[in-house]
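# Per-entry structural report
Single-letter residue listing:
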Amino acid sequence: MNKVGRLIPACALPLGLPGCMTVEQGAGRRPLAPGDVYIAMGSSFAAGPGVSKSADTPPTRCARSIDNYAHQLARKKGLRLIDVSCSAATTAHLLGPWSELPPQLDALTPDTSLITATIGGNDVGYIGGVMAASCQAINGKACMTVPEPTEQKWQKLEADMRKLLAEMRRRAPNARIILVDYPTVLPDHGQCAAAPLSPEQADRSRMIATRLAGLTAKVARDAGAEILTASSLSRGHDACAADPWMNGFIKATGRASFAPYHPNLAGMTAVADALERMTSKSLSR
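Each value, and the rule that gives it
Residues numbered from 1 in each chain as written. Predicted model: local features only at pLDDT ≥ 70, side-chain atom pairs only at ≥ 80, totals over all residues. Heavy atoms only, no water. Phe/Tyr/Trp six-rings, centres within 6.5 Å; stacked < 30°, edge-to-face > 60°. Helix = DSSP H or I, 4+ residues; strand = E, 2+ residues; numbered from the N terminus. Buried < 20%, exposed > 50% of the residue type's maximum accessible area, 1.4 Å probe, protein only. Lys NZ or Arg CZ within 6 Å of the ring centre and 35° of its normal. Disulfide = S-S within 2.5 Å. Pairing = 2+ DSSP bridges.

Okay, the packing of aromatic side chains next. This structure, assessed with the given rule, holds 3 aromatic pairs. Considering the side-chain rings of Phe45 and Tyr182, the 4.9 Å spacing of their centres and the 45° angle between planes classify their relative orientation as tilted. You can see Phe45 sitting in helix H1 (residues 44-47) and its partner Tyr182 sitting in the loop between strand S6 (176-180) and helix H6 (199-223), a full 137 residues away along the chain. On the numbers, 6.1 Å between centres and 75° between planes, the contact of Tyr126 with Tyr182 is edge-to-face. Residue Tyr126 is found in helix H4 (residues 126-139), and its partner Tyr182 is found in the loop between S6 and H6; the two are separated by 56 residues along the sequence. In terms of burial, Tyr126 and Tyr182 fall into one category: buried. These aromatic residues form a ring-pair network of at least three members: Phe45, Tyr126 and Tyr182. We note Arg61 situated over the ring of Trp98; from NZ or CZ to the ring centre the distance is 4.3 Å.

See the structure below:
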């Protein structure tokens, strides 16, 4: 086993997107090969509720899709996938048990070659807040209550994400760790019929999204993990776009399944394709 050495920067984000990722020297150097063990973690933006059919028989409350980005990537590269992502999960559910579910971290083993995770949005009420605001805009009253994230919540999220990455490295010392941040939900400015929000509510949601993306990148960089900035990759494909990778609040006619303000099949495929490009390359030593 190679020893983990100093941290080295590698500006190699897919599609020429701006930004830098930092990786641990000696960890996860080679491209992935068929048969490698891949552990997928995270919340609903990883699980893929409403994206084609269930990956589990019978379906579970985690609502994992057979076409979420992890399953698509595993098929493309012939990886041995263990998908423990779960809708509504917070960082606490990766670090510890959740009712009948063990900690998502328990899926890791020393022979793990790849770990991906999309997490943090539920810790700060990101998508729940957008959904509550849209419901209020349509019905004229709050359908649910999602408080604004406090500074204490943001600080706890950062601390928990740091614990999470440290534990990933301890349990799977040779794995490539890639954090996938949340794809863009709303356009840079304005609203649309698919995303019924007041200007103030839309701006508030954008601010949470921006801060979450920045926190995710910072934690990944400090921990020597890689970052796939799906937030940048998906810009121009928000819920209001002509070619959306994100569902709006209202279910489209003819859709058999649907999760408001969550990635659709095109969005999951775009992330899977970007991950395939990232994991097909060795990282420079």
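That shown, we press on.
This part takes up the state of the cysteines. Counted according to the given criterion, the structure contains 2 disulfides. Note that Cys62 is cross-linked by a disulfide to Cys86, the S-S spacing being 2.0 Å. Looking along the S-S bond of the Cys62-Cys86 disulfide, the torsion reads about -85°, which is the left-handed sense. Of this pair, Cys62 sits in the loop between H1 and helix H2 (69-77) while Cys86 sits in the loop between strand S4 (80-83) and helix H3 (91-95), and the two are 24 residues apart along the sequence. When sorted by exposure, Cys62 lands in the same class as Cys86, which is buried. Disulfide pairing is shown between Cys192 and Cys240; the S-S distance is 2.0 Å. Taking the sign of the S-S torsion, -85° for the link of Cys192 and Cys240, the bridge is left-handed.

Most of strand S5 (residues 112-118) sits out of view: 7 of its 7 residues are buried. Where S5 meets S6, 4 bridges bridge the pair, whose relative direction is parallel. Bridge pairing in S6 links Ala117 to Leu179.

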